[in-house]
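# Structural description and commentary
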Amino acid sequence: MQTKDINENIAWAKINEDVLRSMENPRMGYWVALACCIAMISVAVVAEIYQYQVGMGPSNLNWPHMWDLYIATFVFWIGMSHSGTLLSAILHIIQADWRKPIYRFAEAMTTFSLMTAGLFPIIHLGRVWNMYWVLPYVSDRGIWPNFRSPLVWDAFAITTYLTSSALFLFIGMIPDLAICRDNARGWRQKLYTVLSMGWQGDDRQWRHFRKIYLLMACFLIPLAVSVHSIVSADFAMSIMPGWHVTTFPPYFVAGALYSGCAAIITLFILLRYFFRFDEYMTIPIMEKTCKLTFAIAMVWTYLNIIEFAATWYGHDMVAKELLINKFIGPHAPFFWAMLFLGSVLPFTLAFEKLRRHLPTMFVVSLFLNLGMWLERWMIVTPTLSYSYQPFAWDVMWPSMVQWSIVFGSFGWFGMLFLIFVKVFPSVSMYEVKEMVFHRRHYHSDEVANKLHRRASDDQSGAEPTREGA
Amino acid sequence: MSLKNILENWSHYRQTIEDGGHYEYEHMWGMAIDLNKCTGCNACSVACYAENNLPTVGKDRMRKGQGMHWLRMERYWDEPEMGGEEKEYQERGGSFLPMMCQQCNAATCEPVCPVAATYHTPDGLNAQVYNRCIGSRYCSNNCPYRLRYFNFYSYYEESWPEPLNMQLNPDLSVRDKGVMEKCTFCIQRIRTGKDKASREDRTVQDGDIVTACAQTCPTEAIVFGDLLDQKSQVTKLWKAQQVELGKTKQDKANTELRGYRVLEGLNTDPCVMYMDRVREA
Amino acid sequence: MSGSDINRRDFLKFMGLGGVGAATLSGCDMPTTVTLEEGKEKVVAYLAPEEYAIPGIGVTFASTCQQCPSGCGVHGRVREGRVLKLEGNPEAMNGKGLCQMGQASLQGHYNPDRITQPMARKGGSLVPVSWEDAWELMREKASGTAQGRSAWFTGTVSGHQSVLLAALNKAWGSKDHYVYEAINNAVGESVNEAVLGDAAPAYRLDKAKAILSFGADFLGTWMSPVHFSREYAAKFRGGDRGVLIQVEPKMTLTGANADLWVAARPGTEGVVALGIANVLLSKNQVDGKRLPQAALDVISQYSVNKVTEITGVAGDTLVRIAEYLKERSPSLVLSGDSAHGHVNGYQNAMAAMMLNVLLGNVGKTIEASNSVVFGELKAKRGNSKAMLDFASAADAGKYDVVFFMGANPVYTAPTHLAMAEKIAKVPFKVALSMFVDETTMSADLVLPVQSPYEEWGTSVAPYQPKEAAISMSQPLMKPLSAETKSLGDILLSMLKYHGVKGYEGYEDYYAYLRSELDNMPASVKAGKDGDAFWSSAVQKGFIKAPTKPGSLNINLGDVKQGGYQAGGDYPMHLVPASNQTMYDGRNANLPWLQEAPDQITKIFWDSWVELHPKTAAKLGVKEGDFVRVESDQGAIEAQVYIYKGVHVDAVAVPMGRGHEGYGRYAKGNGVNPLKILSPAVDKKSGELATHATRVRISKTGRSEELPRLGGSEVQVGRRLVSTVSADVFRRTEGA
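Residues numbered from 1 in each chain as written. Chains lettered and ligands numbered in written order. Predicted model: local features only at pLDDT ≥ 70, side-chain atom pairs only at ≥ 80, totals over all residues. Heavy atoms only, no water.

## Concerning the overall build of chain B
Definition in use: Starting at the N terminus, helices and strands are each numbered in turn, a helix being any DSSP run of H or I of at least four residues and a strand any DSSP run of E of at least two. Radius of gyration here uses only the C-alpha atoms, and the compact-globule reference equals 2.2 Å multiplied by the residue count raised to the power 0.38. Remark: exposure states derive from per-residue accessible area (1.4 Å probe, protein chains only) relative to the maximum for the residue type, with buried under 20%, exposed over 50%, and partly exposed in between. Note on contacts: a residue pair qualifies if any of its non-hydrogen atoms lie within 4.5 Å across the two residues. Surface exposure here means Shrake-Rupley accessible area, sampled with a 1.4 Å probe, where a residue is shielded only by the protein chains that are shown.
A tally of helices and strands in chain B yields eight helices and eleven strands. Relative to the 2.2 N^0.38 estimate, which gives 19 Å for 281 residues, the radius of gyration of chain B is 20 Å and therefore close to what a compact globule would have. Along the longest, intermediate and shortest principal axes, the C-alpha atoms of chain B span 70 × 55 × 40 Å. In chain B, buried positions account for 67% of the 281 residues. Counting only contacts in chain B whose residues sit at least 6 apart along the sequence, the fraction spanning at least 24 positions is 63%. In the structure as shown, chain B presents an accessible area of about 10,100 Å², 50% of it carried by carbon and sulfur atoms.

## Re the pairing of strand S14 (residues 401–405) of chain C
All names here are of chain C. The following threshold applies: Here the rule is simple: two strands pair whenever DSSP picks up at least two bridges between them.
Judged by how many residues are buried, S14 sits mostly within the fold: five of five residues are covered. With burial as the criterion, each face of S14 is covered, one bearing Val 401, Phe 403 and Met 405 and the other bearing Val 402 and Phe 404. Sheet topology places strand S6 (residues 150–154) next to S14; five bridges connect them, and they run parallel. Bridge pairing in S14 places Ala 151 opposite Val 402.

## A few points about the layout of surface pockets
All names here are of chain A. Let me state the cut-off plainly: With a 1 Å grid laid over protein atoms only, a set of points is called a cavity when a 1.4 Å probe fits there but cannot get out and a pocket when it is open yet has protein on both sides within 12 Å along at least five of seven lines; lining residues have an atom within 4 Å of a point. Grid points are joined across faces, edges and corners, and a volume is the space filled by probe spheres set on the points.
As a volume, the second largest pocket reaches approximately 1,200 Å³. Forming the boundary of the second largest pocket are 39 residues, of which Leu 267, Leu 270, Phe 274, Phe 417 and Leu 418 lie nearest the centre. Taken together, the elements giving at least two residues each to the lining of the second largest pocket come down to helix H1 (12–22), helix H2 (28–54), helix H3 (69–80), helix H10 (248–274), helix H15 (358–385) and helix H16 (400–423). With ten residues, H16 is the largest single contributor of residues to the lining of the second largest pocket.

## Describing the pattern of salt bridges
Selection criterion: Salt bridge criterion: a side-chain nitrogen from Lys or Arg within 4 Å of a carboxyl oxygen from Asp or Glu.
Throughout the structure, instances matching the rule amount to 85 salt bridges over all chains. Bridged by salt links that share partners, the residues Asp 97, Arg 99, Lys 100, Arg 210, Glu 431 and Glu 434 of chain A form one connected network.

## Concerning the interface of chain A and chain C
Rules: A quick way to say it: buried area is the sum, across both parts, of accessible area lost when two parts are put together, with a 1.4 Å probe. Between N or O atoms, a polar contact is any pair within 3.5 Å; within protein, one atom must be a potential hydrogen donor and the other a potential acceptor, and residues adjacent in sequence are included only when both atoms are from side chains.
Across the boundary between the two partners, chain A contributes nine residues, which contact ten residues of chain C. Buried surface at the junction of chain A and chain C, summed over both partners, amounts to about 800 Å²; 62% is from carbon and sulfur atoms. Along the contact surface separating chain A from chain C lie one salt bridge. Two residues, Glu 321 of chain A and Arg 718 of chain C, come together in a salt bridge whose shortest N-O distance is 2.5 Å. Our count for the chain A to chain C interface comes out at six residue pairs in polar contact (both at pLDDT 80 or more).

## Observations concerning the side chain of Thr 282 of chain A
All names here are of chain A. Within the secondary structure layout, Thr 282 lies in the loop between H10 and helix H11 (283–312). Under the relative-accessibility criterion, Thr 282 is labelled buried at 9%. Other than its neighbours up to four places away in sequence, Thr 282 contacts Asp 5, Ile 6, Phe 268 and Arg 272.

## Some remarks on the interface of chain B and chain C
We count it as follows: Note on residue categories: nonpolar means Ala, Val, Leu, Ile, Met, Phe, Trp, Tyr, Cys or Pro, charged means Asp, Glu, Lys or Arg, and polar means any other residue, Gly included.
Chain B puts 79 residues into the contact, and the matching count from chain C is 98 residues. Regarding the contact of chain B and chain C, the summed buried area is about 7,500 Å², with carbon and sulfur atoms giving 55% of it. Taken together, the connections running from chain B to chain C amount to eleven salt bridges. Here Glu 713 of chain C makes a salt bridge to Arg 75 of chain B, at a shortest N to O gap of 2.8 Å. In this assembly, chain B and chain C are joined by 53 residue pairs in polar contact (both at pLDDT 80 or more). Secondary-structure elements contributing two or more residues to the side of chain B that touches chain C are helix H3 (43–51), helix H4 (59–64), strand S2 (72–76), strand S3 (95–99), helix H6 (187–199), helix H7 (212–216) and strand S11 (277–279) of chain B. The element that contributes the greatest number of residues to the side of chain B that touches chain C is H3 of chain B, accounting for six residues. For the side of chain B that touches chain C, a count of residues per class yields 35 nonpolar, 19 polar and 25 charged. Relative to strand S26 (residues 723–725) of chain C, S11 of chain B runs parallel, the two being bridged by three bridges. Bridge pairing links Val 278 of chain B to Val 724 of chain C in S26 of chain C.

## Points about helix H8 (residues 269–282) of chain C
Side chains of residues three or four places apart in an α-helix project in the same direction, reflecting 3.6 residues per turn. Residues and elements named next belong to chain C. The condition that has to hold: Working rule for helices: expected span equals 1.5 Å times residues minus one.
With 14 residues, H8 ought to run about 20 Å at 1.5 Å a step, and its terminal C-alpha atoms sit 20 Å apart, in line with that. In terms of burial, H8 is a largely internal element, twelve of the 14 residues being buried. Looking at H8, one finds that the buried residues are Glu 269, Gly 270, Val 271, Val 272, Ala 273, Leu 274, Gly 275, Ile 276, Ala 277, Asn 278, Val 279 and Leu 280.

## Overview of the nonpolar core
Here is the rule we go by: Joining through side-chain atoms within 4.5 Å is the link that ties buried Ala, Val, Leu, Ile, Met, Phe, Trp, Tyr and Cys residues into a set, and such a set is a nonpolar core.
Counting 423 residues, the largest nonpolar core has Phe 214, Ile 276 and Leu 355 of chain C as its most contacted members. Examining the composition of this core, we find that 16 residues originate from one element, H10 of chain A, more than from any other. Apart from residues no more than four positions distant in its own chain, Ile 276 of chain C is found in contact with Leu 212, Phe 214, Leu 318, Ile 321, Ala 322, Leu 325 and Leu 355 of chain C. Core analysis: the second largest hydrophobic core is formed by 23 residues, Val 402, Ala 413, Met 419 and Ile 423 of chain C among them.

## Let's talk about the pairing of strand S5 (residues 125–128) of chain C
All names here are of chain C. Strand direction decides the pairing type here: strand S4 (residues 119–122) and S5, joined by four bridges, are antiparallel. Paired with Met 119 across the bridge in S5 is Pro 128. Counting the residues in the hairpin turn of S4 and S5 gives two residues, including Gly 123, whose phi is positive at 60 degrees.

## Structural notes on the packing of H11 of chain A against helix H13 (residues 332–344) of chain A
All names here are of chain A. For the record, the criterion: Convention adopted: a line fitted to C-alpha atoms gives each axis, helices being fitted over their contacting stretch, and angles between N-to-C directions are expressed from 0 to 180 degrees. By the definition adopted for this analysis, an angle is roughly parallel if under 35 degrees, roughly antiparallel if over 145, roughly perpendicular if from 65 to 115, and oblique otherwise.
Interhelical geometry of H11 versus H13 gives an angle of 140 degrees and a closest axis separation of 9 Å. When the interaxial angle is binned, H11 and H13 end up oblique. Here Ala 297, Met 298, Trp 300, Thr 301, Asn 304 and Phe 308 of H11 lie close against H13, whose contacting residues are Phe 335, Met 338, Leu 339, Gly 342 and Ser 343. Taken together, the residues of the contact of H11 with H13 break down into seven nonpolar, four polar and no charged.

Geometric descriptors of this kind do not, in isolation, establish any biological role.
Written as structure tokens, this is what we have:
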């Protein structure tokens, strides 16, 4: 049974208008939001400058906690980036139409998450100014990075993923940028003219476009899976108890999809409300997103249980003690919070009444993401607190410097996203039109016949239609 | 490098480092620490501070866990699972364990450094290259013994007010912030010893090179030497205890011998052998 | 060192080498390509180089560590004119080993808080003055002092400095040289003197098969720990492994290495010894023929049950100890601080000595010390009675001028002694010191002395019963400050000023030492003479003289023990524990030692209060809580550390912190438990009874993270270090 995801009576022009209107000069609320984001970034910048000058000490990092929130947040942002790939690429391949109104901002989210995540491997270094040594370049000394290290794989994976996602986002936007070009004046027109690359919307261009799009989607899916698997290899390739877990690649990917979906719900609700995209980001689509999130949450829960079970019934006493410490030790409140938010809270997504109630979903999605952030923290820190050598056991809590920078990263993401929604169409106009087109053919032939013309149609006397490309 | 060459010598290239791999080891520096003799006096740790320009960090930073003790003297109390019964007092005293970088042959820290700032030398040492380190701290996280220490601050700004800085050993550097460091088996002394031997046109003899900790130990509990030198004291001790490199579980003819390596089941292949402490009952 | 203003001859003299050929220098790390023959010069092109100091290659010189009274020989590695590292002198009694105090003594030499100029009190505070002004002040205030109205208050002194000091004191007509050490073996020495006729016999740990120690921390702070550690590890714990039993109220380093650690009620150690003797005589059938009847009578009164009641030590434990002592012979019974520091300390030490006599250890593991030809160089050992005597003398206004050197009584004296006030009664106080410690702060004139690594000197270790070595001190580098003088030079100047006969001909202390060594008896010089003897002495780091063996007679005293008294309002026993990290407080200005975790508790930079888990549970405190330890003399507050290495009724607070001066590393850190000691003395010897104070503890409500290194204190079953039984050890590694 196909739900009525979108109203098939929407006119093409209306779609253009609605979306283009969202890009008009912003009202006060937007500027306030942007200012908040910039304030958050400033806090982080101040903290980072302090840390750059003085050393890593102010972050409360110590022996044995050599990693803490920076790495946890890094993994969190990488995880969030899987949202776009999931919606753009995976759902595209299985021809899930309902993704069409929402995949654009999801794809943008992917790119910006990666841009945020990419900051952290730089910030957490002791000698930030030498960070480019991780990249393989021909140096006089003939020194290359250590290709055996998961951190170097990270460098490759993330740059590849970022490049590909950005490219995918851009390419997918070309037809829309052409629409923008045709309706813009001033600096915008110049910008869109350049960016739309001479798109005219003729048949040949569309055919090539479709091929490229599909190809990139197919390319991006294994890339996304491998990127987060590689990021999980930061932990899985080590010897530490609690990290040295073979299920980490799928676990991290599941967690990534989970936090990505939750973030989609959050932004979905925000965009729908502020830009009045009610007709495009419809409740049925919301429901489908929630159901998808719920499914992924269950997968994540299952993988969690596997990890606990394998440790509990296994022979590695050190890992088992660590697991018990996670449940009852000093990190227990956060750990239990993570379990609740990650495994119990998603059940709210199983109830239709709750699913359809957007304020509830907004709050729930934020908490789901909080749960996923906690999950990353609970992976990084307890292992370092309770490793093999009991003399080295220690509990450490992050300092304001770390919290500031983590806090600021959300501001950075927010700022990028806010700029995006005003400069680029956050709903994919052409794909919504496709969606409407298919619905018309599927549901009501007469509407289709009335509205859709073909070259072979008898056109005598017909008025030129307003439906544009 | 022809295909034929690779195919013929494949098994040779595949060997792990501890089997000699694709280069011959000149030395394999190792230690034997007798916990029967070790009294836990901590002289080794202070000598290490003196020899290797280790900064004192002060109470607050030390309490936060940002200390720089390359060699730490661990002290454990008896617990029921390890043979001590639940008594009113610590009747068997304490278990002291001096821990310094074990210079593992299959070091877990080496593969994970993104910039190859830590690598295995032909001497069998795990070397830390300070000027290559960018401070990602993965190596320290991956050390199961937690024996790597990070410069969280530029300690040199405060730790050596004049004229304390005149005590600094010019044979090695004072590290800046953002750099990882750890016990090097006094590599500066090894280098000096090897240079002296080559100046005198001979090979390094056992006793030529001694680490600061081994030298200062009042009970001579720490023995340092070349495990490849069959005549060295350390090799004799390893042989006497029937402990061998390259194993995750020693299989000894005499299982009562008390030599062992810490956490060797993790396949780190450390070059430091300990001999269990002894108590009357 | 690379200044071209030092001519070659001066420099060689300075660095302890005469104009001799390279042959005598074979002991040092000397490149053999350099010749020192007169008239020949091999130039090493590096600015204005020293003869044999090749840049980049260290040269080793011998000297003596003075950080504690042990007086271990050290080798200093010198590079480019700076001493960088100390090691033990392999041929000295400590061997190539050096304890953490010796390693850290280098930071005393390079300490940023050293006094670099003389200081005089003007208008209430100490201000820098020149040496001329300093001597002028001395002339004004001290020179005219009447006979017998001056005194010296020092730490352990020995060697030629001691000779000069004695001569100076004699010239001033004074018989008062107070030699004070907070950590001492005075009670033990008086028992040894009384029973054996030898205050410092040789303790042969290397020959013992069982050691029963009543609080003698011979691996940590007792007598000569590095030397004992060597014998302990190589011989005592070697093949046929000996058994170590430690009886004390708080675990010391030696206690942590014991096979059996026993916490007896503080002060009852003598009763424990009697109990063991009782078991030995009755159960183990040891022949009591070596003991006088009076002793046997006393012992027979102390049945196991009675002993358990008095001391809290279980009967099984007493039986076990007796069995060890009987089975593993010869044994050795020692006693130290925690047994001596009571009003009945002498009795406790006597009871321990009784066990030695009973078991026939005298002559086997306790041997006579050998006599030495240079008696006047022997160490004057310190005790705490000196401080008590000095306090009363100063209070009575006996002195017009007092000289302080190498001791810090204002810090270590309990509050009840009112040391600062009594010292203030002395009109003119001179402190010869390296640092502004509490005693120096109360002086009227401060003369800055050089560190042990900047000066010439000789010393004789207080404990070297078999050897007769005079340890040499030589400068390992130029003095860091030109305004400091060596102790020897100051004493010599004063002697010359007073026109004391026999000292006027010496230009400086170095010249005096050269002359004295030249005049040593032929037996000491062993065929060498003049420069050769001097070079060999300085190169080796010591002069070994022949000795004559001594003899011991046994004359056991009264072993009766006092009754155990209840504490009333103050139920707990205060144990002001000595530890190697801070010692008696002198190490508090050395950052390496402040940061070095305490050997037992692993706490650094601060003081703490050790409580048994039962005591802590009763009080309701956990680790890190601040508690108030209050005696009838005052109170201190520090954080709690809980473990089973302290007696249930004891509260152990480490000595050594709580300074009010003494530099940036010492000031304001921790608390000083010596301050709240009650006015108790050992009745027989007059020594300060440091362990006789009763206290009560109460919560303060404050809590902070304890500055302790290390997370878990147990291995959580991980077998990082497990324990092998001694029987297996003897089987697999026994001789």
